[in-house]
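In case you want the letters, here they are:
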Amino acid sequence: MTTAIEPTKKHRIDFIKIRVRRQDGPGKKPYWELHKLPYEPELNVISILQMIAAQATTSDGKKVAPVTWDCGCLEEVCGACTMVINGKVRQSCSALVDRLLEDNPDEIVLEPMRKFPVLRDLMVDRQRLFHALKRVEAWVPVDGYYDMGPGDKQSREAQESNYPLSQCMSCGCCVDACPQYLKIEVARLDGESDEAFEKRKLAEYEAGFVGPHAISQAILFNNNPTGKVLEGERLDALSGEGGIQICGNAQNCVAVCPKEIPLTTSIARAGRATTLHVIKQWFEK
Amino acid sequence: MSEHRVVVIGGGLAGLASAMKLAELGVKVDLISLTPVKRSHSVCAQGGINSVNDSTRQLGDDEWKHLDDTVYGGDFLNHQPPVKEMAYWAPKVIDLMDRLGVTFNRTGEGFLDHRRFGGTLYKRTAFAGATTGQQLLYALDEQVRRWESEGMIKKYEFWDFLNPIVDETGRCRGAVAQDMVSMEIRAFPADAVVVATGGCGLVYGRSTMSVFCTGSAASRCFQSGAKYANGECIQVHPTAIPGSDKLRLMSESARGEGGRVWVPRKAQDPRPPMEIPENERYYFLEERYPAYGNLVPRDIATREIFDICVNDGLSVDPDKMCVYLDLTHIPRAELDRKLGGILEIYEKFQGVDPRDEPMRIFPAVHYSMGGLWADYVKSAEGGLESGAPENHMTNIEGLYAIGECDYHYHGANRLGANSLLSCIFTGLFTGPSILNYANNQKSGSNDVAPEVLSAAVAKEQKRHDDLLTGNPGSDENPYLIHQELGNLMTRVATVVRRNDQLADAIEKVKELHERAMKVNLSDSGSWTNQNVIFAKALQDMFPLAKTILQGALLRDECRGAHYKPDFEKPSLTAEDPAERRRQAEVWCDEFEANNERFLKSTIAGWNHDTQMPDITYEDVDTSLIPPRPRLYGLVGAEEIEEVWNERARAKAEG
Ligand SMILES: Cc1cc2nc3c(=O)[nH]c(=O)nc-3n(C[C@H](O)[C@H](O)[C@H](O)COP(=O)(O)OP(=O)(O)OC[C@H]3O[C@@H](n4cnc5c(N)ncnc54)[C@H](O)[C@@H]3O)c2cc1C
Ligand code: SF4
Ligand code: SF4
Ligand code: FES
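Thresholds applied
Sequence order as written defines the numbering, with residues in each chain counted from 1. Think of it this way: whatever chain is written first is A, whatever ligand is written first is 1, and the rest follow in order. In keeping with the model being predicted, local features are shown solely for residues with a pLDDT of at least 70 and side-chain atom pairs are shown and tallied solely at 80 or more, while totals for entire chains, interfaces and linings include all residues. To obtain the side-chain values, all non-hydrogen atoms of the structure were used and water was disregarded. Strands here are runs of E lasting at least two residues and helices are runs of H or I lasting at least four, both read from the DSSP assignment and numbered beginning at the N terminus. Note that the radius of gyration is over C-alpha atoms, with the globule rule given as 2.2 Å times the number of residues to the power 0.38. Partly exposed residues are those whose accessible area sits between 20% and 50% of the maximum for their type, while under 20% is buried and over 50% is exposed, using a 1.4 Å probe and protein chains only. Directions drawn from the helix axis to the C-beta atoms are what define this arc. We call two residues contacting when some pair of their heavy atoms lies within 4.5 Å. Working definition: a ring pair exists when centres of Phe, Tyr or Trp rings (six-membered ring for Trp) sit within 6.5 Å. Plane angles under 30 degrees give stacked, over 60 give edge-to-face, the rest tilted. Cation placement over rings: the criterion is NZ of Lys or CZ of Arg within 6 Å of the ring centroid and within 35° of the ring normal. The criterion for a residue being near a molecule or strand is simple. One of its heavy atoms has to lie within 4 Å of it. In this classification, the charged set is Asp, Glu, Lys and Arg, the nonpolar set is Ala, Val, Leu, Ile, Met, Phe, Trp, Tyr, Cys and Pro, and all remaining amino acids, among them Gly, are polar. Here a strand pair is declared whenever DSSP counts at least two bridges between the two strands. When two cysteine sulfur atoms are found within 2.5 Å, that pair is recorded as a disulfide. Each axis is a line fitted through C-alpha atoms, and for a helix only the stretch in contact is used; angles between axes span 0 to 180 degrees, taken between their N-to-C directions. Whenever a carboxyl oxygen of Asp or Glu lies within 4 Å of a side-chain nitrogen of Lys or Arg, that contact is scored as a salt bridge. Accessible-area loss on putting two parts together, using a 1.4 Å probe and summing over both, is the definition of buried area adopted here. Polar contacts, as used here, are pairs of N or O atoms within 3.5 Å; protein pairs need one atom able to donate a hydrogen and one able to accept it. Residues neighboring in sequence count only if both atoms are side-chain atoms. Note that the domain bounds were set by an automatic or database domain assignment. UniProt positions are given in the numbering used here, feature names are shortened, and annotations may be inferred rather than shown by experiment. Residues belong to a common nonpolar core when they are buried Ala, Val, Leu, Ile, Met, Phe, Trp, Tyr or Cys residues joined through side-chain atoms within 4.5 Å. Any angle between 65 and 115 degrees counts as roughly perpendicular, while under 35 counts as roughly parallel, over 145 as roughly antiparallel, and the rest as oblique.

**Q** Any details on the overall build of chain B? Residues and values, ideally.
**A** A count of helical and extended segments in chain B gives 17 helices and 21 strands. In summary, chain B has a C-alpha radius of gyration of 24 Å against a globular reference of 26 Å for 654 residues, a match within 12%. Overall size of chain B, expressed as C-alpha extent along the three principal axes, is 75 × 60 × 50 Å. For chain B, with 654 residues in total, the buried portion stands at 66%.

**Q** Describe helix α8 (residues 231–239) of chain A, and please don't skip the residues or the numbers.
**A** Residues and elements named next belong to chain A. The set of residues buried in α8 consists of Arg-234, Leu-235, Ala-237 and Leu-238. For α8, the angular spread of buried residues about the axis comes to 155 degrees, placing them on one side. Considering only its buried residues, α8 is in contact with α3 (127–135), α7 (212–223) and α10 (263–284).

**Q** Requested: an account of the packing of aromatic side chains, with residues and values cited.
**A** Residues and elements named next belong to chain B. Tallied over the full model, the rule gives 20 aromatic pairs over all chains. Geometrically, the ring pair formed by Tyr-156 and Phe-188 is edge-to-face, given 4.8 Å between the ring centres and 75 degrees between the ring planes. Taken together, the positions of Tyr-156 in strand β6 (residues 153–157) and Phe-188 in strand β9 (residues 185–189) put the pair 32 residues apart, joining distant regions of the chain. Between Trp-587 and Phe-591, the ring centres sit 5.7 Å apart and the planes meet at 15 degrees, which makes this aromatic pair stacked. On the criterion of helical spacing, the pair formed by Trp-587 and Phe-591 is a turn pair, its members being 4 residues apart in helix α16 (residues 577–598). Residue classification places Phe-591 among the buried residues on the basis of a relative accessible area of 9%. Put simply, the rings of Trp-89, Tyr-409, Phe-425 and Phe-429 touch in pairs and so form one group of aromatic residues. One residue, Arg-303, lies across the ring of Tyr-563, its end atom 4.4 Å from the ring centre.

**Q** Explain the site of ligand 3 to me, and be specific about the residues and the numbers.
**A** Taken together, Cys168(A), Met169(A), Ser170(A), Cys171(A), Gly172(A), Cys173(A), Cys174(A), His213(A), Cys257(A), Pro258(A), Ile261(A) and Leu263(A) form the complete shell of residues around ligand 3. A per-class count over the shell around ligand 3 returns 9 nonpolar, 3 polar and no charged.

**Q** With reference to specific residues and values, describe the pairing of strand β5 (residues 108–111) of chain A.
**A** Successive residues of a regular strand alternate their side chains across the two faces of the sheet. Residues and elements named next belong to chain A. One ladder, built from 3 bridges, connects strand β1 (residues 15–22) with β5; its direction is parallel. Counted as the bridge partner of Val-20 is Leu-110 from β5. By the bridge criterion, 2 bridges tie strand β3 (residues 82–85) to β5 in an arrangement that is antiparallel. Along β5, the bridge assignment pairs Ile-85 with Leu-110.

**Q** Before we move on, can you summarise the state of the cysteines with the specific residues and values?
**A** One pass over the full model with this rule turns up 0 disulfides over all chains. A disulfide-free cysteine, Cys44(B) has its sulfur positioned 5.1 Å from the sulfur of Cys73(A), the nearest such atom.

**Q** Before we move on, can you summarise the sheet that holds strand β13 (residues 248–249) of chain B with the specific residues and values?
**A** Residues and elements named next belong to chain B. Taken together, 6 strands build an open sheet; the order of strands is β13-β12-β17-β16-β14-β15 and the sheet is antiparallel. Two strands in the sheet have a free side with no partner beyond their single neighbour: β13 and β15 (281–282). Pairing geometry for strand β12 (residues 234–241) and strand β17 (residues 359–368), over 5 bridges, is antiparallel. Each residue of the ladder has a partner; that of Ala-240, found in β17, is Phe-362.

**Q** Residue-level account of the sheet that holds strand β2 (residues 31–38) of chain A, with values.
**A** Residues and elements named next belong to chain A. Strand order in the open sheet made by the 5 strands is β2-β1-β5-β3-β4, with mixed pairing throughout. Edge positions in the open sheet fall to β2 and β4 (88–91), since each of these has one partner strand only. Neighbour to neighbour, the strand axes of the sheet diverge by 30 degrees on average, direction disregarded. Pairing of β1 with β2, which is carried by 8 bridges, proceeds in the antiparallel orientation. In the strand pairing of β2, Arg-19 is matched with Leu-34.

**Q** So what's going on with the pattern of salt bridges? Residues and values would help.
**A** Residues and elements named next belong to chain B. As enumerated under the stated definition, the model contains 77 salt bridges over all chains in all. Asp-326 is paired through a salt bridge with Arg-281; the nearest N and O atoms lie 3.4 Å apart. Of this pair, Asp-326 sits in strand β16 (residues 323–326) while Arg-281 sits in strand β15, and the two are 45 residues apart along the sequence. A relative accessible area of 9% means that Arg-281 is categorised as buried. Arg-355 is the salt-bridge partner of Asp-336, the closest N and O atoms lying 2.7 Å from each other. Within this pair, whereas Asp-336 is found in helix α10 (residues 332–350), its partner Arg-355 is found in the loop between α10 and β17, the two being separated by 19 residues in sequence. Residues joined by salt bridges that share partners form a network here, namely Arg-581, Glu-585, Asp-589, Glu-592, Glu-642, Glu-646, Arg-647 and Lys-651.

**Q** Account for the interface of chain A and chain B, with residues named and values stated.
**A** Between chain A and chain B, the residue contacts involve 72 residues of the former and 66 residues of the latter. For the pairing of chain A and chain B, the buried interface totals around 5,900 Å² over both sides, and the portion due to carbon and sulfur atoms is 52%. Taken together, chain A and chain B are joined by 5 salt bridges. Two residues, Asp523(B) and Arg120(A), come together in a salt bridge whose shortest N-O distance is 2.9 Å. Connecting chain A to chain B are 34 residue pairs in polar contact (both at pLDDT 80 or more). Elements supplying a minimum of two residues to the side of chain A that touches chain B: α1 (45–55), β6 (118–120), α3, α4 (156–165) and α7 of chain A.

**Q** Report on unusual backbone geometry, specifying residues and quantitative values.
**A** All names here are of chain A. At Glu-42, a position not held by glycine, the phi torsion is positive, near 60 degrees. Tracing the backbone shows Glu-42 in the loop between β2 and α1. Residue Asp-121 is not a glycine yet carries a positive backbone phi of 45 degrees. Inspection of the secondary structure puts Asp-121 in the loop between β6 and β7 (123–124). For Asp-121, a relative accessible area of 0% puts it in the buried group.

**Q** Now, about the domain arrangement of chain A: what can you tell me, with residues and values included?
**A** All names here are of chain A. As far as domains go, chain A holds domain 1 (9–120) and domain 2 (126–284). Placing a centre on the C-alpha atoms of domain 1 and another on those of domain 2 gives a separation of 31 Å. Taken together, the contacts link 19 residues of domain 1 with 19 residues of domain 2. Carbon and sulfur atoms make up 53% of the area that domain 1 and domain 2 hide from each other, which totals about 1,500 Å². Three residues, Lys-115, Phe-116 and Pro-117, lead the burial of domain 1 against domain 2; their summed loss comes to 43% of the area buried on that side. At the boundary of domain 1 and domain 2, one finds 3 salt bridges. Notably, a salt bridge pairs Arg-114 with Asp-176, separated by 2.7 Å at the nearest N-O pair.

**Q** Tell me about the UniProt feature "active site" (unreviewed entry) in chain B, and name the residues and values.
**A** Residue and element names in this part refer to chain B. Following the UniProt record, the feature "active site" (unreviewed entry) maps to Arg-298 here. Positionally, Arg-298 belongs in helix α9 (residues 298–310). You can call Arg-298 buried: its relative accessible area is 5%. Aside from chain neighbours lying at most four places away, what touches Arg-298 is Phe-117, Gln-235, Val-236, His-237, Pro-238, Glu-252, His-366, Asn-413, Arg-414 and Gly-416. Within polar-contact distance, the side chain of Arg-298 engages the side chain of Gln-235 at 3.0 Å.

**Q** Residues and numbers for the nonpolar core, please.
**A** Ranked by size, the top nonpolar core spans 186 residues in total, and within it Leu110(A), Ile49(B), Met97(B) and Ile424(B) carry the most contacts. When residues in this core are grouped by element, the largest group, 10 residues, is from helix α11 (residues 419–440) of chain B. With residues near it in sequence (within four places) discarded, Ile424(B) still touches Leu13(B), Ala17(B), Ile49(B), Val93(B), Met97(B), Leu136(B) and Leu140(B). Grouped together as the second largest cluster of nonpolar side chains are 75 residues, Cys172(B), Ile481(B), Val492(B) and Ala604(B) included.

**Q** Please give an account of the packing of α3(A) against helix α6 (residues 194–207) of chain A that cites residues and values.
**A** Residues and elements named next belong to chain A. Interhelical geometry of α3 versus α6 gives an angle of 70 degrees and a closest axis separation of 10 Å. Here α3 is positioned roughly perpendicular relative to α6, judged by the angle of their axes. Only Glu-198, Lys-201, Leu-202, Tyr-205 and Glu-206 of α6 make contact with α3, whose side of the interface consists of Gln-127, Arg-128, His-131 and Arg-135. Here the contact of α3 with α6 is composed, by residue class, of 2 nonpolar, 2 polar and 5 charged.

This is how it looks when you write it as structure tokens:
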């Protein structure tokens, strides 16, 4: 599938080489494929994948199915397009080709995220990431959606510390980089119904680590004047199975978060709060 | 009361607001979306959301003025009763979003902070940093997740809506959708279906919109018999960052916070922008529109920027058309606090810090004012009748349209920060209407005839299978056809429109459409096949593209974003006051005659035989605020206004 780099092209870039780790479906064997595109300035990895889709031919002229991947906003606010680029987990829309070539003029290597089941090629199933938000009840439990006047007054300081947390776009970079977040892939059993499969899968997800993004969301909603009402439930979730005790404080998460969310600060706050919560529960027993 | 089930298509602001409101009313919801709803296009909105507020009120603002600004900005093509209802709901919508935990920016004392947006003189816009849409969407996403864990809402993410299911009586009984992972096609029976699928920017290839904004869902409803209104009203945003995959928006809030648009007075002045002295800069918006300055409505800003580059040849860059949008005079700390997010976008994608150097920007397709036609019931107060089942129902009974894919609120030009409002408002407001509709029906989601469901699925399965195997010899590539369509539409149906070009484009689009129906797919697999999903979306772009072009061709006038220089009303030329007065009279006569003819919604119905839209016109409800000329920047505006006001007074008295 792959070909060697042509030595003459090494110094003067006329072509961009893109090596893609492909996989035809869950449980299938991954393989590498090399694509070659004429160089243009100001490309990003999405425009490259679009060109590959349009051309659908590998560097050695073989017709192949276009590479499957996920994207949405193309401006790094939706979180859809996350993948591993030259070994680093990040958004492909904001991965500028000229920058990537500065670091490695030979080729750009694209791989799917490592902690989620691959659906096909660069597309993964991140349901577990969203499910974690249910585990920590990441919402404000308002009475209803009728007009009840404004919410509480809030200081500018409070807004300025909560706003960064509320920018989490569920991209999954943090969990991909976290050594404690282990991949969970549940295969459907023969003859298993949709419902039974879903139930079994979610149960496995619930036993796994919630992840730094969810811990940070728990802190965000515990900070909210109304969201606080569920503080106890959130701390229960964080002190239970798959909770905050799994975090080894490796700080990889905060280093890769594209929104620069202070995850380790949230984790530290959540750590203190859960400790107190557990002690309090102990005394109340 | 038996249990009700509603299918909501789309989980942007409108779809999520609808789903959570319906759940609150006890209705079960199946929520279908191309993407996890949290990633919907609404996340892209940067600037903010409008409502009258306590401070603007004390400066003389009220809901009526919000209504007035909206319809004046929209050049009176808006339906006034729904706009009125929206303006009166706006403060309540903001309060609710505040209660749901949106991290709106705050004043020193802890109240919501506001900024000013285009087309108004009041600071009505609440905002959360420069990611207001993201913050609003997340708040609704969280509520929907809450209902999901209570079993009231079930999400179907990575599902493509293929068609409404319409029974033999013409009533919508559910939807057919396809799992984009397993490729399974199935029917979702329902009491009612709500389409909240956003705009259609991808018809133009590149725009400021997300890749999901193909318009495919609206087009599928259109092809199933729903009417489409004001298709030609497409907003081109004045300030975007030109890019090869997307034209990234630079929010109007950059101007709201004091950003100034300029070009060097000397064409293609080679000096770096910061070395060009003040007196050699042409702040053309400020000079031409002293009252509004850089905050003129979007259509005007767009045309001026286009004009300065195309006609005056003053583009900053000789190879690429663009002008400067300058924030460098504003302190860094303030920029970071108020505009951090959007400035990061520029920095990230252009590699230049806009705090140090003016940004280079150019207009880009941004918003679809038009959309699926839908009904409403006017209340005695001139707003909407709350709970009336007809509110936002399309001409297909039981099929509703809300959010960007409806057509009532923004006329021929949308005001900034009004769309997030119309999306949330329509989602919340229609909840009781849909429930009442469902309650009035004798049959519902449980008793749709099985053959109706299976026929609907079989039809889509056939389309799918035919696409995979149908055109073995053809070398038509869907991605390349999409590029051709986009380039063509961008050239003829954006800022400036000319009849010869439009007529010519219609012929070309017909050809492209035929070619698109014969695409040969490079992926014929039956697992997560994005190729076939895209091919369907592409094919379904053509009915909308044709509707946009045909609507534009037939609308021989200038209105809002729809600008035809051949039909532009001239400025007054006479110096002599009496003659000038006479010209103003003639101007007003012509204005009235033109409204008589064109102050109408363009209504398209899809004709399967001709593969073209059939176009008719419908009156616009302007009963609350009589239409008046929009005179931004016209020479003789004062005299025209005088004549106009005299006539309006005479009418009111007479
Ligand atoms: C860059 C940008 C900035 C903006 N800034 C502002 C602003 O500051 N203020 C303002 O008021 N407005 C702003 N707007 C406009 C505003 O963001 C949009 O009009 C609004 O978010 C649309 O919301 P919606 O709910 O109608 O649709 P969307 O948010 O577009 O959601 C559409 C939903 O439909 C789904 N969908 C689409 N097709 C299908 C299909 N075939 N099958 C299944 N699901 C489908 C999608 O998955 C998605 O969930 C901005 C727009 C852009 C492009
Ligand atoms: S700090 Fe905790 S959550 Fe973050 S990467 Fe390390 S182990 Fe994972
Ligand atoms: S915390 Fe950061 S890295 Fe993690 S999901 Fe959120 S945005 Fe992505
Ligand atoms: S496409 Fe949305 S983050 Fe990249």
